[in-house]
Amino acid sequence: MKRGKIGKFDTFVSLSRQRSIQILIAIALLYALLFTLEIPFVSRKANEDNSEQRERVSHNAQPPSHRYVSGLIFGDTVFDSELYKSAIRAGKTVWEELKSVNPRTVVEKPENQSGSCPRSVSVSGSEFLARGSVMMIPCGLTLGSHITVVGKPLAAQRKVSQFMMELQGLKTVEREEPPRILHFNPRLKGDWSGKPVIELNTCYRMHWGSSLRCNGWKSRADEDTVDGLVKCEKWIEGDDRHAEESKAAWWLKRLIGRTKRVTVDWPFPFSENKLFVLTLSAGLEGYHINIDGRHVTSFPYRTGFTLEDATGLTLSGDIDVHSIFAASLPTSHPSISPEQLLEFSTRWCAPTLPESGVELFIGILSAGNHFAERMAVRKSWMQHSLIKSSIAVARFFVALHPRKEVNVELMKEAEFFGDIVIVPYMDNYDLVVLKTVAICEYGVRTVSAEYIMKGDDDTFVRVDAVINAARNVLNSVSFYIGNINYRHKPLRHGKWAVTYEEWPQEDYPPYANGPGYILSSDIARYIVSEFEMHNLRLFKMEDVSVGMWVEQFSSRKPVQYLHTLKFCQFGCIENYYTAHYQSPRQMMCLWDKLERETRPQCCNMR
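The model shown is predicted, which means the values in this text are computed figures rather than measured ones.

Caption draft 1: A look at the overall build of the protein. The helix and strand inventory of the protein stands at 12 helices and 22 strands. Out of the 606 residues belonging to the protein, those deemed buried represent 48%. Considering only intrachain contacts with a sequence separation of at least 6, the fraction spanning at least 24 residues in the protein is 74%. Total accessible area on the protein stands at roughly 30700 Å², and carbon and sulfur atoms take up 54% of it.

Right, dumping it as structure tokens:
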């Protein structure tokens, strides 16, 4: 009986094993069949993705098209200005030539490639003078670099005796005033304080930072130091070593036998017609200046610059230069070519324009060769969630550059990133106003924005603060928001002089400073319409022109002028809406602070 049960059990197990094997075989066949069918599908999908990626990454994946050209219609006979006519004609010629160029066939010039540089540079006083009082530092400075200047301050001219030594960024800009990475200005006579002083500062696009003034008092050791050295050492006026205490107090201390601490008081380090040896060295935290072997002052590095940016040394003023020697210099420069700063990654490409209208459009004025500035904007405030979600849209507006290589690079940049609008005329400062009209045209016709903002490529924009400022205005109200100037007068002399023929009135109309302002869409639409009907007056100062157009519009419909200093004209203030004159590195610093801190903070506080 038991044996029969065992036999049945064995038979059952045997059949179960067979079924299991059959099931496994069926699963294996099914898997093989599915895998065979899946391979072409996956392969096709991967090929499609790779093809799409290659098409996106290729700099000239598609021929030049009108998708990045301004829709504004220019005519060379519309305005009387010869400057306007020549710029439009030249722009048309250059643009037609440019459209037929294959960017791959353009070979970059040798000067755009980093090369080896000498470890030291020296010039005599006569050579320095013959070179326009500029000594080139081919690859900039690096940690431990030092420059020694032997010179002699000259006698005062017109009761003023001073000279300036500057480290300048001669390779960081083209056809612009170079930034002063370090401005060292000893004033022997003529300072407003009536005493000798040394002032140190930086300057970017003609905007000076907060200066460091050394006036003879030693900085406290518990203050912010530079590599452990105080920012300002002590000196005395003349040879009177007891000038800081009365003679009575000095004799009293001697009579009562008080031990006097031995100190060495040095005079002001510069004297007229007296030779000096100045050594400028690059430390870990800042520049250090020794004169005749004694430390005098240290200046911390500013956020906007790095050591390799200092590619030139200049000396001017009341000084006779005997010789200059720079040593421990780097042998290569990491970023001689601005084009090398472009990072062709899809991460920085602009989002596709939405089908419906956007709330805020930001037009950014830029120049063809400002590759570094545009890249910094893309990697900083253009990464804001309001822009990534297309609630706000930002575009660069660039005119054509005299150099063909720059225009070719600009085309490749425009095709790849999708955030550049080329305004096809030859760039000129007096015609910047054309880019502003193009911003209005793009804002009202291409993206149908409710508000149009104008900024510069050295302006950092707090997108959320700007859009909230516009939202706070009642619907159907025409508005003009910015840092408004009232009753400003034209400058009749100097670099920014305006002649009476250009502007006969004594006052400008109310206008917002150019680095950042917002217009309601009806005002922008009026500007474009007046331009196309040839009724728009083009004044060379872009921000004044907009103020003039807004004033004309206000004769048809009331305009609400909203003034706030948070649209900062010079530099940065706490809780800013916009910060101006920000270098590419400051842009990245501001964005980093904005992401990490609970409130906006500036990057030039040190």
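Caption draft 2: Geometry of the state of the cysteines. This structure, assessed with the given rule, holds 4 disulfides. What pairs with cysteine 214 in a disulfide is cysteine 232, and their sulfur atoms sit 2.0 Å apart. Its S-S torsion of approximately -70° makes the covalent link between cysteine 214 and cysteine 232 left-handed. With a gap of 18 residues between them, cysteine 214 in strand S8 (residues 212-214) and cysteine 232 in the loop between S8 and helix H4 (247-255) connect regions that are remote in the sequence. Across the disulfide, cysteine 572 is cross-linked to cysteine 602 (sulfur-sulfur distance 2.0 Å).

Caption draft 3: Geometry of the packing of aromatic side chains. For the structure on display, the rule yields 25 aromatic pairs. Taking 4.9 Å as the distance between ring centres and 85° as the angle between the ring planes, the aromatic pair formed by tyrosine 287 and tyrosine 301 counts as edge-to-face. Note that tyrosine 287 is positioned in strand S10 (residues 286-291) and tyrosine 301 in the loop between strand S11 (294-300) and strand S12 (312-317), a separation of 14 residues in sequence. In this structure tyrosine 287 comes out as buried when scored by relative accessible area, which is 3%.

Caption draft 4: Examining the pattern of salt bridges more closely. Scanning the model with the defined rule gives 25 salt bridges in all. The salt bridge involving aspartate 309 is made with arginine 585; its shortest N-O contact spans 2.9 Å. Here aspartate 309 is found in the loop between S11 and S12, whereas its partner arginine 585 is found in helix H12 (residues 584-596), with 276 residues between them in sequence. Aspartate 309 sits in the buried class, given a relative accessible area of 6%.

Caption draft 5: Region of the structure containing helix H5 (residues 371-379). For H5, a buried count of 8 out of 9 residues is recorded, marking the element as mostly surrounded by other parts of the structure. In this fold, the buried residues of H5 make contact with strand S6 (197-204), strand S14 (360-366), strand S15 (392-400), helix H7 (404-417), strand S16 (420-426) and H12.

Caption draft 6: Representation of the packing of helix H8 (residues 433-446) against helix H10 (residues 521-532). Closest axis-to-axis distance for the H8/H10 pair is 9 Å, and the angle between their directions is 120°. Considering the angle they form, H8 stands oblique to H10. Here H8 and H10 pass one another in a crossing that is left-handed. Between H8 and H10, the contacting residues are Leu434, Val437, Cys440, Glu441, Val444 and Arg445 on the first element and Ser521, Ala524, Arg525, Ile527, Val528, Phe531 and Glu532 on the second. Here the residues of the contact of H8 with H10 are counted per class, giving 8 nonpolar, 1 polar and 4 charged.

Caption draft 7: Representation of the environment of histidine 322 in the model. Along the chain, histidine 322 turns up in strand S13 (residues 319-327). Between the C-alpha atom of histidine 322 and that of phenylalanine 276, which follows or precedes it by 46 residues, the distance is 9.9 Å.

Caption draft 8: View of the packing of H5 against H7. Running from amino to carboxyl end, H5 crosses H7 at an angle of 15°, the nearest separation of the two axes being 12 Å. Put simply, H5 runs roughly parallel to H7. Between H5 and H7 lies a crossing whose hand is left-handed. For the pair H5 and H7, the contacting residues are Phe371, Arg374, Met375 and Arg378 in the first and Val406, Glu409, Leu410, Glu413 and Phe417 in the second. Here the contact of H5 with H7 is built from residues that sort into 5 nonpolar, no polar and 4 charged.

Caption draft 9: Quick peek at the sheet that holds strand S17 (residues 451-456). Strand order in this open sheet of 7 strands is S16-S15-S14-S17-S20-S19-S21, and the pairing throughout is mixed. Across the chains shown, the open sheet's two edge strands, defined by having one partner strand only, are S16 and strand S21 (559-563). Averaged over all adjacent pairs, the angle separating strand axes in this sheet is 25°, with direction ignored. Across 5 bridges, S17 lies against strand S20 (residues 511-520) in antiparallel orientation. Pairing of tyrosine 451 across the sheet is with serine 520, part of S20. Sheet strands touched by helix H2 (residues 82-99): S15 and S16. Its angle to S16, the strand with the most contacts, is close to 125°.

Criteria and thresholds
- Residues numbered from 1 in each chain as written.
- Predicted model: local features only at pLDDT ≥ 70, side-chain atom pairs only at ≥ 80, totals over all residues.
- Heavy atoms only, no water.
- Helix = DSSP H or I, 4+ residues; strand = E, 2+ residues; numbered from the N terminus.
- Buried < 20%, exposed > 50% of the residue type's maximum accessible area, 1.4 Å probe, protein only.
- Contact = heavy atoms within 4.5 Å.
- Areas by Shrake-Rupley, 256 points an atom, 1.4 Å probe, with all protein chains shown as cover.
- Disulfide = S-S within 2.5 Å.
- Phe/Tyr/Trp six-rings, centres within 6.5 Å; stacked < 30°, edge-to-face > 60°.
- Salt bridge = Lys/Arg side-chain N within 4 Å of Asp/Glu carboxyl O.
- Axes fitted to C-alpha atoms, helices over the stretch in contact; angles between N-to-C directions.
- Parallel < 35°, antiparallel > 145°, perpendicular 65-115°, else oblique.
- Left-handed = near helix turned anticlockwise from the far one by under 90°.
- Nonpolar A, V, L, I, M, F, W, Y, C, P; charged D, E, K, R; others polar.
- Pairing = 2+ DSSP bridges.

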